[in-house]
Amino acid sequence: MPTTKSTVALLGATGSIGTQTLDVLRLEPEAFELVALSGGEQLSELAAIAREFHVARIGVISDAHRDALADLVGPGVEIVVSDDGLTSLSQGADIVVNALLGFAGLPVTLAALQAGKRLALANKESLIAAAPLVAKVRSTPGASLLPIDSEHCAIHQCLASSPGQPGFPDVRRLLLTASGGPFRGWTHEQLRGVTKDEALRHPTWSMGAKITIDSSTLMNKGLEVLEASALFGIEVDRVDVVVHPQSIVHSMVEYVDGSVLAQLSRPDMRLPIAYCLGLPERFDHGWGSIDFTQSLELTFEAPDRDAFPALTLAYEAARLGGAAPAWLSAANEVAVGAFLDDQIRWSEIVGVVARVMDRYVADPLDSLDALIENDAIARRHAHGIVRT
Ligand SMILES: NC(=O)c1ccc[n+]([C@@H]2O[C@H](COP(=O)([O-])OP(=O)(O)OC[C@H]3O[C@@H](n4cnc5c(N)ncnc54)[C@H](OP(=O)(O)O)[C@@H]3O)[C@@H](O)[C@H]2O)c1
């Protein structure tokens, strides 16, 4: 058990990662104190969390949300609004958990690292879009970036045997595992008829809607390739994807001598969340513990890049560098939103992203303003393509 209590700011407290982070905090009240939180539309849930954890600082997304929340929580709670408010929430905490969805998580990622905090990052979109900018602020004294994404958390654990080696010269490749999603093995013909219900039913993980759809197109794995490259400073061509339908091996590192290290557990996001909060401590809850007395099937196969072209698009964006990953992620956010709003079919999601990427104009991405502009341009193209 840690000897001192760490204060935690949880951004995106009402979501899938947010509520699982709260589970960890409930189980470890001696180790952590929740001091700030934020949410989006689910204001009564946000108010209930604030009451349970006695949190006096909350971030919301608009003035109207602030007024509505103020009625629910009563006096004595400070409510801040939007980007500036959210970034200020990270200031008063030792650990910032970024469980926000999409590009909206960017200000928190940058602010937490700039303030020298430990950033437990679930919000992969901010790192993918802003990799060159994040790289600069990661060297702030005291700052650390720990990945909540189960695959990257697995790799973080496997790389512990190569400390202090920039670029990891003794690593041949990172092997990201993918469940393959609900449509593994489906033909093009079958994929054309996919419904929203089918796409929202992940075989092994229970997650928010956007990442569940991303998992069904394999765009999530493509984004994770970009995330891994940015997080560990490893060229994208040393990051491979292998389909492992059981989701027990969460990812692997292959060293140059042929040795492969893997991290295994039953799928349970509380394990990587607690790892990021507690490092170097581990908590004795046995999340995802495996019973090796029972038969355990672990199978691996290559991803079907023909049926799931998102993976190839992600590698191409990584090789282009600059603002290309930001375009890919922004276009995908718009396309997934359009699918969830019944504007396009599932089989059109990745096509929208591909058409946006065809219009990409190289930009080295040297400032936050440039990133925000690139994000807006990619979204404009994507909305235009969705409407046609
Ligand atoms: N879920 C998983 O198991 C999992 C695993 C690995 C990585 N991740 C990553 O973790 C991140 C969060 O995923 P999730 O599945 O937890 O998503 P989620 O369930 O949709 O939750 C998103 C959270 O962000 C809030 N939010 C949404 N849009 C916002 C905006 N524009 N401004 C401020 N707050 C906003 C939501 O508030 P309301 O709900 O109140 O509207 C909610 O609290 C994503 O980047 C995802 O890729 C998730």
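Residues numbered from 1 in each chain as written. Predicted model: local features only at pLDDT ≥ 70, side-chain atom pairs only at ≥ 80, totals over all residues. Heavy atoms only, no water.

Reading across from one edge, β4-β3-β2-β1-β5-β6-β7 is the order of the seven strands in this open sheet, with parallel pairing throughout. Each edge of the open sheet carries a strand with a single partner, namely β4 (78-81) and β7 (144-147). Across the sheet, the axes of successive neighbouring strands diverge by a mean angle of 25 degrees, strand direction being ignored. Pairing between strand β5 (residues 95-98) and strand β6 (residues 118-121): four bridges, direction parallel. Bridge assignment links V97 to a residue of β6, and that residue is A120. Packed onto the sheet, helix α13 (residues 270-278) meets β2 (32-38), β5, β6 and β7 and runs at close to 175 degrees relative to β6. (Pairing = 2+ DSSP bridges. Helix = DSSP H or I, 4+ residues; strand = E, 2+ residues; numbered from the N terminus. Axes fitted to C-alpha atoms, helices over the stretch in contact; angles between N-to-C directions. Contact = heavy atoms within 4.5 Å.)

Any two packed helices are characterised by the angle at which their axes cross and by the distance between the axes. Where helix α15 (residues 324-340) contacts helix α16 (residues 349-358), the axes come no closer than 8 Å and their chain directions differ by 145 degrees. The hand of the α15/α16 crossing is right-handed. The segment α15 lies against α16, with A324, W327, L328, A331, N332, A335, V336 and F339 engaging I349, V352, V353, V356 and M357. For the contact of α15 with α16, the class distribution of residues is 12 nonpolar, one polar and no charged. (Left-handed = near helix turned anticlockwise from the far one by under 90°. Nonpolar A, V, L, I, M, F, W, Y, C, P; charged D, E, K, R; others polar.)

Attention now moves to helix α17 (residues 368-387). Here α17 contains 20 residues, and its C-alpha end-to-end distance of 29 Å stays within 8% of the 28 Å for a straight helix at 1.5 Å per residue. Those residues of α17 that fall on the buried side of the exposure criterion are A370, L371, N374, D375, A378, R379, A382, I385 and V386. An end-on view of α17 places all buried positions within 165 degrees of arc, on one side of the element. Among the exposed residues of α17, those pointing more than 90 degrees away from its buried face are D369, E373, R380 and R387. Where α17 is buried, its residues touch α5 (106-114), α6 (124-129), α7 (131-137), α15 and α16. (Expected span 1.5 Å × (residues − 1). Buried < 20%, exposed > 50% of the residue type's maximum accessible area, 1.4 Å probe, protein only. Arc of directions from axis to C-beta.)

In the vicinity of the ligand, 24 residues are found, and the nearest of them are T14, E41, Q42, E125 and D149. In the model, an oxygen atom of the ligand is placed 2.7 Å from a nitrogen or oxygen of the Q42 side chain. Between G208 and the ligand, the recorded distance is 2.9 Å, taken from a backbone N or O atom to an oxygen atom. For the ligand, whose unbound accessible area comes to 900 Å², protein coverage reaches 84%. Of all the secondary structure elements, the ones that give two or more residues to the shell around the ligand are α1 (16-27) and α6. Residue composition of the shell around the ligand, by class: 11 nonpolar, nine polar and four charged. Taken together, domain 1 (6-147) and domain 2 (162-266 + 294-387) each give at least three residues to the shell around the ligand, which thus spans both. (Near = heavy atom within 4 Å. Polar contact = N/O pair within 3.5 Å; in protein donor to acceptor, adjacent residues only side chain to side chain. Areas by Shrake-Rupley, 256 points an atom, 1.4 Å probe, with all protein chains shown as cover. Domains from an automatic or database assignment.)

Before going further, it helps to examine the domain arrangement of the protein chain. The domain architecture assigned to the protein chain consists of domain 1 (6-147) and domain 2 (162-266 + 294-387). For domain 1 and domain 2, the distance between their C-alpha centroids amounts to 25 Å. In this assembly, 20 residues from domain 1 lie in contact with 23 residues from domain 2. Carbon and sulfur atoms make up 68% of the area that domain 1 and domain 2 hide from each other, which totals about 1700 Å². Three residues, F103, K124 and I128, lead the burial of domain 1 against domain 2; their summed loss comes to 36% of the area buried on that side. Counting across the interface, domain 1 meets domain 2 through two salt bridges. We note a salt bridge from K124 to E224, for which the minimum N-O separation is 3.2 Å. Listed by contribution, the elements that provide at least two residues to the side of domain 1 that touches domain 2 are α1, α5, α6, α7 and β7. Here the side of domain 1 that touches domain 2 gets five residues from one element, more than from any other, and that element is α6. Here the residues of the side of domain 1 that touches domain 2 sort into 13 nonpolar, three polar and four charged. (Buried area = accessible area lost by both parts, 1.4 Å probe. Salt bridge = Lys/Arg side-chain N within 4 Å of Asp/Glu carboxyl O.)

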